[in-house]
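Descriptive analysis of the structure
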There are 2 protein chains.
Amino acid sequence: MTLDDLLSQPGAWLAPGADTATVISSRVRLARNLRDSAFPGWAGEEECEKIWRRLQPILQGLPELAPAAVFGMADLEELERMILFERHLISGEQAHKGRGSGLVTAQDESISVMVNEEDHLRLQAMSPGLALQAIWQRMHALDHAIERQVPYAFSVKLGYLTACPTNVGTGLRASVMLHLPGLVLMNELNPVLKGLTKIGLAVRGLWGEGTEAAGNLFQISNQITLGDREENIIRHIEQIVLEVVEHERNARARLLERKDLVLRDHVGRAFGILTHAHLLSSKEALDLLSGLRLGIDLGIIKDLDRLTVDRLLLLTQPAHLQKREARSLKPKDRDRVRAQLVRTQLS
Amino acid sequence: MTLDDLLSQPGAWLAPGADTATVISSRVRLARNLRDSAFPGWAGEEECEKIWRRLQPILQGLPELAPAAVFGMADLEELERMILFERHLISGEQAHKGRGSGLVTAQDESISVMVNEEDHLRLQAMSPGLALQAIWQRMHALDHAIERQVPYAFSVKLGYLTACPTNVGTGLRASVMLHLPGLVLMNELNPVLKGLTKIGLAVRGLWGEGTEAAGNLFQISNQITLGDREENIIRHIEQIVLEVVEHERNARARLLERKDLVLRDHVGRAFGILTHAHLLSSKEALDLLSGLRLGIDLGIIKDLDRLTVDRLLLLTQPAHLQKREARSLKPKDRDRVRAQLVRTQLS
């Protein structure tokens, strides 16, 4: 399977049919390391390559990942690595790696393993909507399947050992991507975010750590990986997310009730600009598509569906745009091509 | 003639047929005072009323103003006075006056006289496009017609005497309203404005002294009224204006040539927002209509004509909006009604 095959499908978190009005997608990842090898940050390129050559056929052969696609970072152009990043299949850190680092993913992108990112193995499963418990089951099965074939670094006292101490224990990070335009427009987001931080959850923007919140998209994930069972961590996050979803639902109801005009103006302007602009930055596109998405969810915009908007959230990202144009583009040219794509898709 | 009759016509500076791409309108005014009465600021209300009762029938009878419409400030609601202001028929100062202050205007609004504004008589003529010399001729004829019937305050040494020393001499102010989006978008406006100030011309926003420049609309007028013949002042301004027009034309040509995309984006966004917003402030409406006007002038927008935009420039002003709705509206409600009007007229 090539990257082009991958691009011909919508991406794991864009599958239709799920309720994605507020929870766009769920993600679970596990950090694992081999007992008998140095961590990737310590091992040299040669040792990393040995690990990649050892793990790749094992992973490729697992029924949990079948049919699998394999991508060695060293074999990919920068643009191709950026595409995997924009599809949330590899991390920003791995996108900058070369020999000895790679990705084995199920062809539908719903479950995958990064090899020699920060840890030897980063197992990841994604799904549209709120489905942490379901993907945790898949993840758990994959974890066991791998553990049957390679020895994990594990301490009876600490649990799974990882390159960064923040992941030690379960090695688990569960996260959901939320679309919270109602709370943002009602000016009620900050207390909600503060509450999340207080109970030990992290809130980040679309592209993870250190990124700005664009498009009213927020990632919520657990910070603590130690001292609790995986099932409890997952259940806890799902409960919290359902509360945030309820807050967002309330905010949207009050928007319609008390700020109907402000809402219609917000949505109308987003649609007006998206269908008429000739230059759109990545950040502005996200923000306007967020407005459009809200308009569709609240029935203000009737001739478009949410999936069209969600596809644009993915396709307007820099690497996807350039791949589509089959050439490298300067930021200004990307803004032009992005505006053109959005105009075409929305009209 | 009532105010409603006035409102049924487009306004003197909105007549179709003239080349108004850059010079929207020309205006000339003369400040005159009676020799035998105290200036309005010094005279009491009673004396002002005497003057208004004396001048009104004289003005109403002049063929130069026929057929005339007469409005006593004391007989008008505040909203009606604001409408006369928005049509540039009275000044902001006069709009706040009451008994003893009034307006006599030709019904087509092209020539008019304010009585007891800052001076006893403020003669004014307006025309679309660049037509200072032509309206100066009409103004000159009106001036003589009035002078044949009332004694003007005149000093052989100084010329016509006026309430404010800045008007002494000719009492003449000639001004043109310019639309300069090209220079603004090319970032070349400031040197042009500085040059105008250096040679003794004043530059103001749409609503005269102290107003912000909204909608890329600028009023250029003479500052000096003393020491030169009226014809020279007028000719001088016309020459300067033609130079500014040339600068603007160059800027637009370079915009098309070098910043085509920025231009199309600017125009497209203006159109997109105007046709989809549900709340529009007065300032934003002016700015966006300016973008639309430029788009029409440069052939980027094809299904609309400039007169539609210019009518909206007038009709979206607060008093015109409220008159149209036949009720007083709070700013927020005006923003809603304004957006509605614009959406309807442009689609």
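Located above this text is the structure these notes cover.
Residues numbered from 1 in each chain as written. Chains lettered and ligands numbered in written order. Predicted model: local features only at pLDDT ≥ 70, side-chain atom pairs only at ≥ 80, totals over all residues. Heavy atoms only, no water.

Brief notes about the sheet that holds strand β5 (residues 121-128) of chain A
Residue and element names in this part refer to chain A. Basically, it comes down to this: Pairing between two strands is assigned when DSSP locates at least 2 bridges connecting them. In DSSP terms, a helix is any run of H or I states spanning at least four residues, a strand is any run of E spanning at least two, and both are numbered starting from the N terminus. Axis angles are defined between N-to-C directions and span 0 to 180 degrees, where every axis is a line fitted to C-alpha atoms and, for a helix, only to the segment in contact. By definition, residues are in contact when any of their heavy atoms lie within 4.5 Å.
Read from one edge of the open sheet, 8 strands run β2-β3-β4-β5-β1-β8-β10-β9, paired in antiparallel fashion. Both edges of this open sheet fall to β2 (68-72) and β9 (201-204), since each of them pairs with a single strand only. Strand-to-strand twist in this sheet, taken as the mean axis angle between neighbours without regard to direction, amounts to 20 degrees. Pairing between strand β4 (residues 111-115) and β5: 5 bridges, direction antiparallel. Each bridged residue has a counterpart across the sheet, and for Val-113 the counterpart in β5 is Leu-123. Lying over the sheet, helix α5 (residues 132-147) contacts β1 (23-32), β4, β5 and β8 (172-179), oriented at roughly 25 degrees with respect to β1. Packed on one face of the sheet, helix α7 (residues 189-198) meets β9 and β10 (217-222) and runs near 140 degrees to β9.

A closer look at the nonpolar core
Worth spelling out the cut-off: Remark: nonpolar core denotes a set of buried residues (Ala, Val, Leu, Ile, Met, Phe, Trp, Tyr, Cys) joined through side-chain atoms within 4.5 Å. A simple rule labels every residue: compare its accessible area, found with a 1.4 Å probe on the protein chains alone, to the largest value its type can have, and call it buried under 20%, exposed over 50%, or partly exposed in between.
One finds Leu-59, Leu-121, Ile-146 and Leu-292 of chain A together with Leu-59, Leu-121 and Ile-146 of chain B to be the most contacted residues of the largest nonpolar core, which totals 171 residues. In this view, Leu-121 of chain B contacts Leu-30, Ala-31, Arg-32, Leu-34, Leu-55, Leu-59, Val-113, Met-114, Val-115, Ile-146 and Tyr-152 of chain B; residues no more than four positions away in its chain are not counted.

A closer look at the sheet that holds strand β10 (residues 217-222) of chain B
Backbone hydrogen bonds hold the strands of a sheet together, and the pairing may be parallel or antiparallel. Residue and element names in this part refer to chain B. Ordered by their spatial adjacency, 8 strands build an open sheet running β2-β3-β4-β5-β1-β8-β10-β9, and the pairing between neighbours is antiparallel. Lying at the two open borders of the sheet, with one neighbouring strand each, are β2 (68-72) and β9 (201-204). Geometrically, the sheet is characterised by an average inter-axis angle of 20 degrees between neighbouring strands, direction not taken into account. Sheet topology places strand β3 (residues 102-106) next to strand β4 (residues 111-115); 4 bridges connect them, and they run antiparallel. Bridge pairing in β4 links Thr-105 to Ser-112. Contacts from helix α5 (residues 132-147) reach β1 (23-32), β4, β5 (121-128) and β8 (172-179), with the element oriented near 25 degrees to β1.

Details of the packing of aromatic side chains
So the rule is basically this: The pairing test for Phe, Tyr and Trp rings, Trp by its six-membered ring, is centres within 6.5 Å, and the orientation test on the planes gives stacked under 30 degrees, edge-to-face over 60, and tilted for anything in between. Look at NZ for Lys and CZ for Arg. If either is within 6 Å of the ring centre and within 35 degrees of the ring normal, a charge sits over the ring.
Within this structure, the stated rule accounts for 4 aromatic pairs over all chains. Taken together, a centroid distance of 4.9 Å and an interplanar angle of 70 degrees make the contact between Phe-154 of chain A and Tyr-160 of chain A edge-to-face. Between Tyr-152 of chain B and Tyr-160 of chain B, the ring centres sit 5.8 Å apart and the planes meet at 80 degrees, which makes this aromatic pair edge-to-face. What makes Tyr-160 of chain B buried here is its relative accessible area of 12%. Here the aromatic residues Tyr-152, Phe-154 and Tyr-160 of chain A are joined through ring pairs into a cluster of three or more. Sitting over the ring of Tyr-160 of chain B, Arg-32 of chain B keeps its end group 3.5 Å from the ring centre.

A few points about the relation of the copies chain B and chain A
Applied cut-off: Copies are brought into register by a least-squares superposition over C-alpha atoms of residues with pLDDT of at least 70 in both.
Superposition of chain B onto chain A requires a rotation of 180 degrees combined with a translation of 0.0 Å along the rotation axis, giving an RMSD of 0.0 Å. Both chain copies can therefore be described as sitting about a two-fold axis. Judged by C-alpha distance, Gly-272 of chain B is the residue of chain B that lies nearest the rotation axis, at 2.0 Å. When you check the interface residues of chain B against chain A, 100% turn up at the interface there too, and the contact is symmetric in its surfaces.

A look at helix α9 (residues 260-274) of chain A
The condition that has to hold: Expected span, for any helix, means 1.5 Å times one less than how many residues it has.
With 15 residues, α9 of chain A extends 21 Å from end C-alpha to end C-alpha; this agrees with the ideal 21 Å at 1.5 Å per step. Within the span of α9 of chain A, buried status applies to Leu-263, Asp-265, Val-267, Gly-268, Arg-269, Ala-270, Phe-271, Gly-272, Ile-273 and Leu-274 of chain A.

Quick word on the interface of chain B and chain A
This is how the line gets drawn: Each of two parts loses accessible area, computed with a 1.4 Å probe, when they are put together; buried area is these two losses added. By definition, a salt bridge exists where a carboxyl oxygen of Asp or Glu is found within 4 Å of a side-chain nitrogen of Lys or Arg. We define a polar contact as two N or O atoms separated by no more than 3.5 Å, with the added condition that, inside protein, one atom must be a possible hydrogen donor and the other a possible acceptor, whereas residues neighbouring each other in sequence contribute only through side-chain atom pairs.
Tallying the contact residues gives 17 residues for chain B and 17 residues for chain A. Among the residues chain B hides against chain A, the three largest losses belong to Leu-261, Arg-269 and His-276 of chain B. Together they make up 37% of the total. Across the pair Arg-269 of chain B and Glu-284 of chain A runs a salt bridge, and its minimum N-O distance is 2.7 Å. For the interface between chain B and chain A, the tally reads 8 residue pairs in polar contact (both at pLDDT 80 or more). Only α9 (260-274) and α13 (331-346) of chain B provide two or more residues apiece to the side of chain B that touches chain A.

Comments concerning the pairing of β5 of chain B
Residue and element names in this part refer to chain B. A large share of β5 lies buried, amounting to 8 of its 8 residues. Burial of β5 is two-sided: the residues Leu-121, Leu-123, Ala-125 and Ser-127 facing one way and the residues Arg-122, Gln-124, Met-126 and Pro-128 facing the other way are all buried. Taken together, the 8 bridges between β1 and β5 define a ladder with antiparallel strand orientation. Within the sheet, the bridge partner assigned to Leu-30 lies in β5 and is Leu-123.

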